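Structural characterization, general
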Amino acid sequence: MSKVVVVTSGKGGVGKTTTSASFATGLAIRGHKTAVIDFDVGLRNLDLIMGCERRVVYDFVNVINGEASLKQALIRDKAHNNLFILPASQTRDKDAFTIEGVGKVIDELRESFDYIICDSPAGIEKGAMMALYFADEALIVTNPEVSSVRDSDRILGLLGAKSKRAEEDLEPIKEHLVVTRYSASRVETGEMLTIEDIQELLGIDLLAVIPESGAVLHASNAGVPVVRDEVSNSGQAYQDLVSRFLGEDLPMRFLDTKKKSFLKRLFGT
Amino acid sequence: MMSILDYLTRRRKKTASVAKERLQLILSREHATDSGPDYLPALQKELLAVISKYTHIDLDDIKINLEKDGDCEILELNIALPEKQNEVA
Ligand SMILES: Nc1ncnc2c1ncn2[C@@H]1O[C@H](COP(=O)(O)OP(=O)(O)OP(=O)(O)O)[C@@H](O)[C@H]1O
Ligand SMILES: [Mg+2]
């Protein structure tokens, strides 16, 4: 049974693409055949984070318009042969996104993939709505900051009202909270919302907390998703995210400053 | 896994220069596409599709460049063919 998982947030720049890349790569490392789709038409970025930007020939919109087959457009990851990337189009024709068009591509992907990860653009326009429409599960990426939490709440409302599952009265989308760019020291000084605060406000299950980390910048420079940087705290936090998503019961890590400064001393992250 | 780890730790200080190289390549490719004739993106795609139909070539081995020489535009296509020509079934 294939699963479609949307990575969404409402607010821009909170870590959706970083999370999509590491989540998809982590699932592939665990042996699951995974496709990750960039829904950010006009602002393609997932290819850079996955390190396959020079191998893009066809894109998602080409497939929808019948200008290329899915097989031609999917880019196989260099390090994991069960991981594929479907890049966004750089042209601005967002109108290509119709429920029928996107639905056909998702259905075809469902035939051969275990997981289909949809990297949503920011906002609540067409691209974002299409990314969440077909979802079975959702990762709600949230920063510990007021506007991000409010936008996440907004997106939760849309998942519950405007998705296929909502419209067809099926079992609701399973929602998971992913708090990223978490800074333990700023939480301790009272500058930043705590994990408990965010959970209480949004009322969904916490899947993972990803600390703010310099390793994320290095990973995007190199085009290697940070989950593969096993010595970094954020890489380990993404590995935990994948394990918990697959059903393992692991304690949350990197929530207090002690552990972070210990890692800092060791690895300079 | 070890090699990636090595890669990331060893190169930690130098990842910015890797980023710059990657960006220079991809931006020049995108600019060439933007400034060229309208049919250029489609032409590039179809060329690449044809090439990959006959050889198992990695797209990284194909370099496309659009240059202006006076009034003339030159589309340069540089393909590094694999040593053994293995045909696609
Ligand atoms: N845990 C982290 N620690 C430090 N920096 C991070 C972390 N997560 C993401 N970032 C940085 O935040 C910026 C935005 O990340 P990303 O592109 O993943 O967000 P996004 O939600 O996909 O953005 P958009 O809404 O524009 O699509 C990037 O510069 C990224 O490197
Ligand atoms: Mg993004």
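Each chain has its residues counted from 1, following the order in which its sequence is written. All chains are assigned letters beginning with A, and all ligands numbers beginning with 1, in the order in which they are written. Reporting in this predicted model follows two pLDDT cut-offs: at least 70 for local features of residues, and 80 or more for side-chain atom pairs to be given and counted; totals over whole chains, interfaces and linings ignore these cut-offs and use all residues. The side-chain figures draw on all heavy atoms in the structure; neither hydrogens nor water molecules are used.

**Quick word on the overall build of chain B**
- Only DSSP runs of H or I with at least four residues qualify as helices, and only runs of E with at least two residues qualify as strands; both kinds are numbered from the N terminus onward. The number of helices and strands found in chain B is three helices and two strands.
- Secondary structure elements in chain B, listed N-terminal to C-terminal, are α-α-α-β-β.
- Here chain B holds 89 residues, and 27% of them are scored as buried.
- Across chain B, the fraction of contacts at a sequence separation of at least 24, relative to all contacts at a separation of at least 6, is 44%.
- Using the Shrake-Rupley algorithm and a 1.4 Å probe, accessible areas are obtained, with residue cover drawn only from the displayed protein chains. Split by element, the accessible area of chain B, about 6,500 Å² in all, is 54% carbon and sulfur. Each residue is assigned to one of three classes by its accessible area relative to the maximum for its type, calculated with a 1.4 Å probe on protein chains only: buried under 20%, partly exposed between the two thresholds, exposed over 50%. By definition in these notes, contact holds between two residues if any of their heavy atoms fall within 4.5 Å.

**Focus on the packing of helix α1 (residues 16-29) of chain A against helix α12 (residues 233-245) of chain A**
Residues and elements named next belong to chain A.
- Close contact between α1 and α12 brings their axes to 9 Å; oriented N to C, the two are set at 60 degrees. Comparing their axes, α12 and α1 come out oblique. Considering the relative orientation of α1 and α12, their crossing is right-handed. The residues of α12 that touch α1, namely those facing T18, T19, S22, F23, G26 and L27, are Y238, L241, V242 and F245.
- When residues are sorted by character, Ala, Val, Leu, Ile, Met, Phe, Trp, Tyr, Cys and Pro go into the nonpolar class, Asp, Glu, Lys and Arg into the charged class, and all the rest, Gly among them, into the polar class. Looking at side-chain class alone, the contact of α1 with α12 contains six nonpolar, four polar and no charged residues. Think of each axis as a best-fit line through the C-alpha atoms, taken over the contacting stretch in the case of a helix, with angles from 0 to 180 degrees between the N-to-C directions. Between 65 and 115 degrees an angle is taken as roughly perpendicular, under 35 as roughly parallel, over 145 as roughly antiparallel, and anywhere else as oblique. Two helices crossing with the near one rotated counterclockwise from the far one by less than a right angle form a left-handed crossing, whereas a clockwise rotation gives a right-handed crossing.

**Let's talk about helix α7 (residues 146-161) of chain A**
Residues and elements named next belong to chain A.
- Take the residue count of a helix, subtract one, and multiply by 1.5 Å to get its expected span. Across its 16 residues, α7 extends 23 Å between first and last C-alpha, which sits within 8% of the 22 Å expected from 1.5 Å per residue.
- Turning to α7, its buried residues number three or more, namely S148, V149, S152, I155, L156, L158 and L159.
- Looking at the packing, one finds that the buried side of α7 touches β1 (3-8), α6 (126-133), β6 (137-142), α8 (164-167), β7 (174-182) and α10 (195-202).

**Overview of the site of ligand 1**
Residue and element names in this part refer to chain A.
- If a single non-hydrogen atom of a residue is within 4 Å of a molecule or strand, that residue counts as near it. Every one of the 15 residues lining ligand 1 counts as a neighbour, but K16, T17, T18, R181 and S213 are closest to it.
- Between ligand 1 and G13, the relevant distance is 2.9 Å, taken from an oxygen atom to a main-chain nitrogen or oxygen of the residue.
- Here a polar contact means two N or O atoms within 3.5 Å. Within protein one must be a hydrogen donor candidate and the other an acceptor candidate, and residues neighboring in sequence count only if both atoms are side-chain atoms. Take V14: an N or O atom from its main chain is 3.2 Å from an oxygen atom of ligand 1.
- Surface burial for ligand 1 is 76%, taken as the share of its 630 Å² of free accessible area covered by protein chains.
- Secondary-structure elements contributing two or more residues to the shell around ligand 1 are α1 and β8 (205-211).
- The element contributing the most residues to the shell around ligand 1 is α1, with three residues.
- A class-by-class count of the residues in the shell around ligand 1 yields five nonpolar, six polar and four charged.

**Some remarks on the sheet that holds strand β4 (residues 83-86) of chain A**
Residue and element names in this part refer to chain A.
- In this analysis, strands are considered paired if DSSP registers two or more bridges between them. Pairing in this open sheet of eight strands is mixed, and the strands run β3-β4-β2-β5-β1-β6-β7-β8 from one edge to the other. Looking at the sheet topology across the chains shown, the edges are occupied by β3 (75-76) and β8.
- Bridge count for β3 against β4 is two bridges, and the pairing is antiparallel. The partner of R76 across the bridge, within β4, is F84.
- Packing of α1 onto the sheet brings it into contact with β1, β2 (34-38), β4, β5 (115-119), β6 and β7, and relative to β5 it is tilted by some 170 degrees.
- This element, α7, spans β1, β6 and β7 of the sheet and lies at about 165 degrees to β6.

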